[in-house]
Amino acid sequence: MPNPRAAAAPQPDVPTASTDLSAVDALLRVEIQLDEAGGLGAFATELAETLVRLTGADGCRITIDHGDGRGPHRLAATGGPGSTRSLYQRVPVSRPWSGELLLSAPDEPGNQTMALLAAQRLGMALEHLRLRDTDVRHRTWLTFLAEASELLAQSLDLSLTLALIPRLVVPRLGSWCTLHRVSGKRLELSAAAHADEERSDWLEAAAAELTHLMQAPGINATMRAGQHVPLPSPLAGLAVPLFARGQWLGVLGVGRDPDAARDPDETTIAEELARRCALALDNAAIHAERQAVAHTLQQALLPTRLPVIPGLSLGAEYVPAGRGAEVGGDLYDIMPMPDGRWLVVMGDVSGKGVPAAAATGLVREVLRLLVGEGRPLESVLATLNTTLSERSERYCTLALAAFDAPGRDGGVPVTLYLAGHDRPLVLHADGLVEQVGDWGTALGLISPVTCQPTLLTLRPGETLVFFTDGVTERRSGTEFFGARRLAQRLTYLAGHPADVIATRLRTAALEFSGEPARDDMAIMAIRNDAG
């Protein structure tokens, strides 16, 4: 922004010897009281009347121009044009303001000095008012930019950021706004807004014209060089390039009513707002890319689909921590064993993000390799423990459940190992819920690992539910969701399919708190559908 004190008003000349000092004194006694009722107009009127009285002039007229595009307007006038020669004085005030004083009085040295002194007195008042208005205007713009930055910083969603930017511009900075993004070698309209919602058709046509205009080689080159371009009528505004980290992202079109007052700082503010908007767009685009990478990596660590196992129904749910830009450390899997059984896996690697994902991938692949070789599950756990200790700084809790073929009574024998993992829940057909399994040692902490198997039978209509601690440790203030609340929710789900049970438990945990998940959540339900 320009320095409001860069051009100071010139000091009054010393009155000549021919000037009546009592008249000068009377002129100087006109007080500058801009904050009172009437303000500048009252002061200018009193000044003009005093000047006419002291010089015997027929009249006096004072006009000023604030430089806002509205042109000069009369500030004060007294008397008539008269028949004498008019004395003209330019009022000394810094640009873009200007002013002039016209006195209908004889062209005599005394009158000239008095007119000059009155003009300079008026210039002092105008300069004071200009500086005050400039300071207020600058403070207002700084507040606007600060509020815009805060709003832009609150969202890393690209779609929301695109929709927000035109609403920041309209109506504070312009009556309409368009946002074009670079797509390949062209510019494409991404968002637009108009202060008058009924002018949507005009805005659509203006956006199309602006799109065509910015493809012109000269204008396009100017944009790529980082310079704004004034828009010709009837668009009447500015096209400001959007640059972030040295990359051209698009163009912000800011339009205004041609008849509205022009703020001398609007171009500077538009360029500064465009810079902040460009940075917000770039951050949102980076975040969207991170989300896509995290989603792709997360999907690679989880089974693409659950297998079909005769007599059993399966359901699984997964919720990564945060807002989807990080990879979680929880895992679940179902794999066939060489002896005909099916192995259900539920695990939780310490931490989150890329390091946890790397350890998760290591556990999953080593586990699949060892199980595929027909290793006993005790040996699988021991090898995993050694692998994590040697190749990772993370530890892992793991639940392994080997499901055998159903017996004659329809019951499914299950061999359960809990390597430091939370005990799963069995939902009986009558709605009774109980914990099963014996805790063992988490993997990657100490050697040798201690983990005793638990043998149980999953009866027809019963469901075995595994979960990670992200479910039970989900917080609402200082209160945890907890295993007891999880069991209570599970009680009402007796008789439902496994996928419905998993989904309902996920929903219950998420609805327990309005905050994003602090830890990954994984739920798996295996139901005996026999009978």
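Residues numbered from 1 in each chain as written. Predicted model: local features only at pLDDT ≥ 70, side-chain atom pairs only at ≥ 80, totals over all residues. Heavy atoms only, no water.

1. A look at the confidence of the model for the protein
Here is step 1 of the chain: Chain-level statistics for the protein give a pLDDT mean of 85 and a share of 90% at 70 or above.
Here is step 2 of the chain: Note on residues 1-19: pLDDT is under 50 here. Beyond four places in sequence and across chains, it has 35 contacts. (pLDDT = per-residue confidence, 0-100. Contact = heavy atoms within 4.5 Å.)

2. Observations regarding the sheet that holds strand β8 (residues 237-244)
Here is step 1 of the chain: Reading across from one edge, β6-β5-β9-β8-β7 is the order of the five strands in this open sheet, with antiparallel pairing throughout. The strands lining the two open edges of the sheet, one partner per strand, are β6 (186-194) and β7 (229-231). With direction set aside, neighbouring strand axes in the sheet form an average angle of 25°.
Here is step 2 of the chain: Relative to strand β9 (residues 247-255), β8 runs antiparallel, the two sharing eight bridges. The partner of A239 across the bridge, within β9, is G253.
Here is step 3 of the chain: Packing against the sheet, helix α6 (residues 217-224) makes contact with β7, β8 and β9, and its axis sits at approximately 50° to β8.
Here is step 4 of the chain: Its contacts with the sheet place helix α7 (residues 266-301) against β5 (176-183), β8 and β9, and it is angled at close to 40° to β8. (Pairing = 2+ DSSP bridges. Helix = DSSP H or I, 4+ residues; strand = E, 2+ residues; numbered from the N terminus. Axes fitted to C-alpha atoms, helices over the stretch in contact; angles between N-to-C directions.)

3. Brief notes about the packing of aromatic side chains
Here is step 1 of the chain: Evaluated as defined, the whole model comprises three aromatic pairs.
Here is step 2 of the chain: Judged by centre distance (5.7 Å) and plane angle (70°), the rings of W176 and W202 are edge-to-face. Residue W176 is located in strand β5, and its partner W202 is located in helix α5 (residues 200-213); the two are separated by 26 residues in the primary sequence.
Here is step 3 of the chain: Judged by relative accessible area, which is 1%, W176 ranks as buried.
Here is step 4 of the chain: Ring centres 5.4 Å apart and planes at 70° place the aromatic pair F481 and F512 in the edge-to-face group. (Phe/Tyr/Trp six-rings, centres within 6.5 Å; stacked < 30°, edge-to-face > 60°. Buried < 20%, exposed > 50% of the residue type's maximum accessible area, 1.4 Å probe, protein only.)

4. Some details on helix α8 (residues 354-372)
Here is step 1 of the chain: Along its 19 residues, α8 runs 27 Å from first to last C-alpha, staying within 8% of the 27 Å computed at 1.5 Å per residue.
Here is step 2 of the chain: All of the buried residues in α8 are A356, A357, A359, T360, G361, L362, V363, R364, V366, L367, L370 and V371.
Here is step 3 of the chain: Looking at the buried positions of α8, the neighbouring elements they touch are α7, β11 (330-336), β12 (342-349), α9 (377-391) and β13 (396-403).
Here is step 4 of the chain: One or two residues past the end of α8 sits G374, with phi positive at roughly 85°. (Expected span 1.5 Å × (residues − 1).)

5. A word on the nonpolar core
Most often, soluble globular proteins keep nonpolar side chains buried together rather than apart.
Here is step 1 of the chain: Ranked by size, the top nonpolar core spans 30 residues in total, and within it V169, L173, L179, L242, L252 and L273 carry the most contacts.
Here is step 2 of the chain: Put simply, the parts of the chain that give this core at least two residues each are α3 (109-153), α4 (158-169), β5, β6, β8, β9 and α7.
Here is step 3 of the chain: At eight residues, α7 tops the list of elements feeding residues into this core.
Here is step 4 of the chain: Ignoring any residue separated from it by four or fewer positions in sequence, one finds L273 in contact with F144, L145, A148, V169 and L173. (Core = buried A, V, L, I, M, F, W, Y, C linked by side-chain atoms within 4.5 Å.)

6. Notes on the pairing of strand β3 (residues 86-91)
Here is step 1 of the chain: Judged by which residues are buried, β3 turns out to be one-sided: L87, Q89 and V91 face inward and are buried, whereas S86, Y88 and R90, on the alternate face, are not.
Here is step 2 of the chain: Bridge count between β3 and strand β4 (residues 98-104): six bridges; the pairing is antiparallel. Across the sheet, the residue bridging to Y88 is L102, located in β4.
Here is step 3 of the chain: Here β3 hands over to β4 after six residues, the two strands then running antiparallel side by side.

7. Quick notes on the pattern of salt bridges
Here is step 1 of the chain: Under the counting rule described, the total for this entry stands at 16 salt bridges.
Here is step 2 of the chain: The salt bridge involving E373 is made with R375; its shortest N-O contact spans 3.5 Å.
Here is step 3 of the chain: Linked through salt bridges whose partners overlap, the residues forming this network are D333, R364, E365 and R368. (Salt bridge = Lys/Arg side-chain N within 4 Å of Asp/Glu carboxyl O.)

8. Quick look at the packing of α8 against α9
Helix-helix packing is described using two parameters, namely the angle between the two axes and the distance between the axes.
Here is step 1 of the chain: At a closest axis distance of 10 Å, the pairing of α8 and α9 adopts a crossing angle of 145°. The handedness of the crossing between α8 and α9 comes out as right-handed. Along its contact with α8, which presents L362, V363, V366, L367, L370 and V371, the element α9 presents V380, T383, L384, T387, L388 and R391.
Here is step 2 of the chain: Taken together, the residues of the contact of α8 with α9 break down into nine nonpolar, two polar and one charged. (Left-handed = near helix turned anticlockwise from the far one by under 90°. Nonpolar A, V, L, I, M, F, W, Y, C, P; charged D, E, K, R; others polar.)

9. Looking at the environment of E266
Here is step 1 of the chain: Looking at where E266 falls in the secondary structure, it is placed in helix α7.
Here is step 2 of the chain: Spatially, the C-alpha atom of E266 lies 7.1 Å from that of L173, the residues being 93 residues apart in sequence.
Here is step 3 of the chain: In contact with E266, not counting residues within four places along its chain, are L173 and R256.

10. Structural notes on the pairing of β6
Here is step 1 of the chain: Sheet topology note: the β5/β6 ladder contains eight bridges and is antiparallel. Paired with S183 across the two strands is R186, which belongs to β6.
Here is step 2 of the chain: Where β5 folds back onto β6 in an antiparallel hairpin, the turn is made up of two residues, including G184, whose phi is positive at roughly 70°.

11. Brief notes about the environment of A494
Here is step 1 of the chain: One can find A494 in the loop between α11 (482-491) and α12 (498-511).
Here is step 2 of the chain: Its relative accessible area of 25% is what places A494 among the partly exposed residues.
Here is step 3 of the chain: Taking the C-alpha atoms as reference points, A494 and D430, separated by 64 residues in sequence, lie 6.8 Å from one another.
Here is step 4 of the chain: Setting aside residues no more than four positions away along its own chain, A494 makes contact with L427, H428, A429 and G431.

12. Section: the packing of α3 against α4
Here is step 1 of the chain: Two elements in contact, α3 and α4, have axes whose closest approach is 11 Å; the angle formed by their N-to-C orientations is 165°. As summarised for this structure, α3 and α4 are arranged roughly antiparallel, according to the angle between their axes. Relative to α4, α3 is oriented so that their crossing is right-handed. In contact with F144, A148, L151 and L152 of α3, α4 contributes T161, L164, I165 and L168.
Here is step 2 of the chain: Looking at the contact of α3 with α4 residue by residue, the class counts come to seven nonpolar, one polar and no charged. (Parallel < 35°, antiparallel > 145°, perpendicular 65-115°, else oblique.)

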